[in-house]
Amino acid sequence: MTMRDDVDPKTGGEVSYDSAAETPVEVLESDLPDAPEGVSPDGMGCHAPGEQMAAQARASGNGAVLDQFAKDYPQGPHDRPESMCPAFGSLRVGLRMRRVATVLSGSACCVYGLTFVSHFYGARRSVGYVPFSSETLVTGKLFEDIRDSVHEMADPERYDAIVVTNLCVPTASGVPLRLLPKDINGVRIIGIDVPGFGIPTHAEAKDVLAGAMLNYARQEVEAGPVPAPVAGRDDRPTVTLLGEMFPADPMMIGAMLAPMGLAAGPVVPTREWREMYAALDCGAVAAIHPFYTAAVREFETAGRPVVGSAPVGVEGTHAWLAAIGDAMGVAPAQVAAAQNSFIPAIKDALAANPVKGRITLSGYEGSELIVARLLIESGADVAYVGTACAASRWSEDDKNWLEARGVAVKFRASLADDLAACDGLDPDLVIGTTPVVQHAKQKGIPSLYFTNLISARPLMGPAGAGSLGEVVNAAIAGKERMDKMRDFFEGVGEGDTAGIWEGDPNLRPDFRAAHQKKLDKAARAAKAQEMI
């Protein structure tokens, strides 16, 4: 192809390379069915406002799904926290399970981002994807494509289950995954909706999939005998552990339960399907992470009592062992034996690793409150705890314990809440999410990323009691280094110095003043319109 010579790029105008732009465009009447009133056939795209997508989902028949999400994951006091796409949570759960395939249905940009993040965090298997267009979405062909895909994938030699996840656009358009076969060639088919406009955080999306799998497994158990877990069954009554945790923590919890004649059961979300049966076959459930509302509903339907909080620190371990003993009907003497076996070791570990300094703590993992408890028992002055998750009856004890010690506890904390705590409480250390840590470092305040540096450590029992002191004290001790770095980079990369300059920035205060006048005029006009 050659550049057309009827336009001179030096004198302005559009540069074209062929005559394609001259092709006449005909507007044809579509023979596709009309979408519901107020609903765009293409689902408006994943860029549409959440309120519009939620309205479309209700118009498309998914109102009951959104109502259940609103009940399980209440969003107040603001619309939702600033967190990554919630579907990452359910995707990660599925990818960590053996013999489970994962298929996504959503906009290509969303699927790309989710698969990138999942592999960045260590996924070692492919993610299935069923693409769509406006036509396949509105005619129902997308559902048929999904159904054909799971039929093609359903190989019992390879899979125990296939998880199909609707992202925002298919959920808003009412793609009915509930109509998929429940079983194909012995492979379970589980369809879930995980829209960003219905589920506030990726942590709670883990619960969506965990609850759906437990529901399926519970119905299998009710229908008849099921296979035993590959690792076999424990002869002792078990306590199922709810919430992802550091690998050493379940073993430590098992050791603390042993003097009571109990054993630690599977950790939900599980790593294989058969563990679902063992998780349901327990004497009680420990909601280590308190936001698993859908999973708790399945356990309670199965008649299993649920205990909140966790065995962290001296007081937390003492109260948790007593609560487990009460739920399991263990004799008080055995409960006391377990407490006396481990609490002295926890005291010694806390005394050997004291933490001194004021700390603000925030995150979106769901374990923020129990981490704060452990820090306080280690000697830290924790002034603020913010969690992106909602309050629940299983976090109530931890909340009351913290507030009794003067800690400000914020559920559904926003980024603005966390930054205000960093700015207003004069902390020696900030523990938080990436933008909070970045903000603190720019101010010269030592900071630690919660997910990678705090929650990725043992927290339970004696092992947890000594795990935080070293990393926290080392960070606080780096204050002088942070001050030097702040002073060295002062004024670089912000305001007029943002970007890359070969010389001094080209400041145009006259342009700024003119633009500000336009903004002020528009604001006055909007205010006057409100008064009419």
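Located above this text is the structure these notes cover.
We now turn to the structure provided with this report. (Residues numbered from 1 in each chain as written. Predicted model: local features only at pLDDT ≥ 70, side-chain atom pairs only at ≥ 80, totals over all residues. Heavy atoms only, no water.)

### Description of the sheet that holds strand 6 (residues 238-242)
Put simply, the rule reads: Two strands form a pair only when DSSP identifies at least two bridges running between them. Numbering of helices and strands runs from the N terminus; a helix is a DSSP stretch of H or I covering at least four residues, while a strand is a stretch of E covering at least two. Contacts are assigned to residue pairs that have any heavy atoms within 4.5 Å of one another. Lines are fitted to the C-alpha atoms to define the axes, a helix being fitted only along its stretch in contact, and any angle between axes, read from their N-to-C directions, falls within 0 to 180 degrees.
Strands sit in the order 7-6-8-9 across an open sheet of four strands; the sheet is parallel. Because the sheet does not close on itself, it has two edges, and the strands there are strand 7 (263-268) and strand 9 (306-307). As judged from the two bridges shared by strand 8 (residues 284-286) and strand 9, these two strands associate in the parallel manner. Residue pairing in the sheet places Val-285 in a bridge with Val-306 of strand 9. Sitting on the sheet, helix 11 (residues 293-301) is in contact with strand 6, strand 7, strand 8 and strand 9, with an inclination near 160° to strand 6.

### Here's the deal with the sheet that holds strand 1 (residues 100-105)
Strands sit in the order 2-1-3-5-4 across an open sheet of five strands; the sheet is mixed. Since the sheet does not close on itself, it has two edges, and those belong to strand 2 (128-129) and strand 4 (183-184), each with one partner. Pairing geometry for strand 4 and strand 5 (residues 187-193), over two bridges, is antiparallel. The residue of strand 5 that forms the bridge with Ile-184 is Val-187. Along the sheet, helix 6 (residues 141-153) contacts strand 1, strand 3 (161-166), strand 4 and strand 5; its crossing angle with strand 3, the most-contacted strand, is approximately 160°.

### Section: the pattern of salt bridges
The condition that has to hold: Salt bridge, as used here: a side-chain nitrogen of Lys or Arg that lies within 4 Å of a carboxyl oxygen of Asp or Glu. Any residue under 20% of the maximum accessible area for its type is buried, any over 50% is exposed, and the rest in between are partly exposed; the area is computed with a 1.4 Å probe on protein chains only.
The final tally for this structure, using the stated rule, is 25 salt bridges. Among the ionic pairs, Arg-508 bridges to Asp-510, the shortest N-O distance being 2.9 Å. By relative accessible area, Arg-508 is classed as partly exposed at 40%. Through salt bridges with shared partners, a single network forms among Arg-92, Arg-96, Lys-206 and Glu-244.

### A word on the side chain of Thr-293
Worth spelling out the cut-off: Whenever a nitrogen or oxygen atom comes within 3.5 Å of another N or O atom, the pair is scored as a polar contact, on the condition that within protein one atom can donate a hydrogen and the other can accept it, and that pairs from neighbouring residues in sequence are kept only if both atoms are in side chains.
Relative to the helices and strands, Thr-293 resides in helix 11. Accessibility expressed as a relative area gives 18% for Thr-293, which makes it buried. At 3.3 Å, the side chain of Thr-293 and the backbone oxygen of Asp-72 are in polar contact. For Thr-293, the contacting residues outside a window of four places in its chain are Asp-72, Tyr-73 and Asp-207.

### What to know about the environment of Ala-372
Within the secondary structure, Ala-372 sits in helix 14 (residues 368-377). Residues Ala-372 and Gly-313, spaced 59 residues apart in sequence, show a C-alpha to C-alpha distance of 10 Å. Excluding residues that lie within four positions of it along the chain, Ala-372 makes contacts with Leu-361, Val-382, Val-385 and Leu-402.

In short, geometric facts, not functional conclusions.
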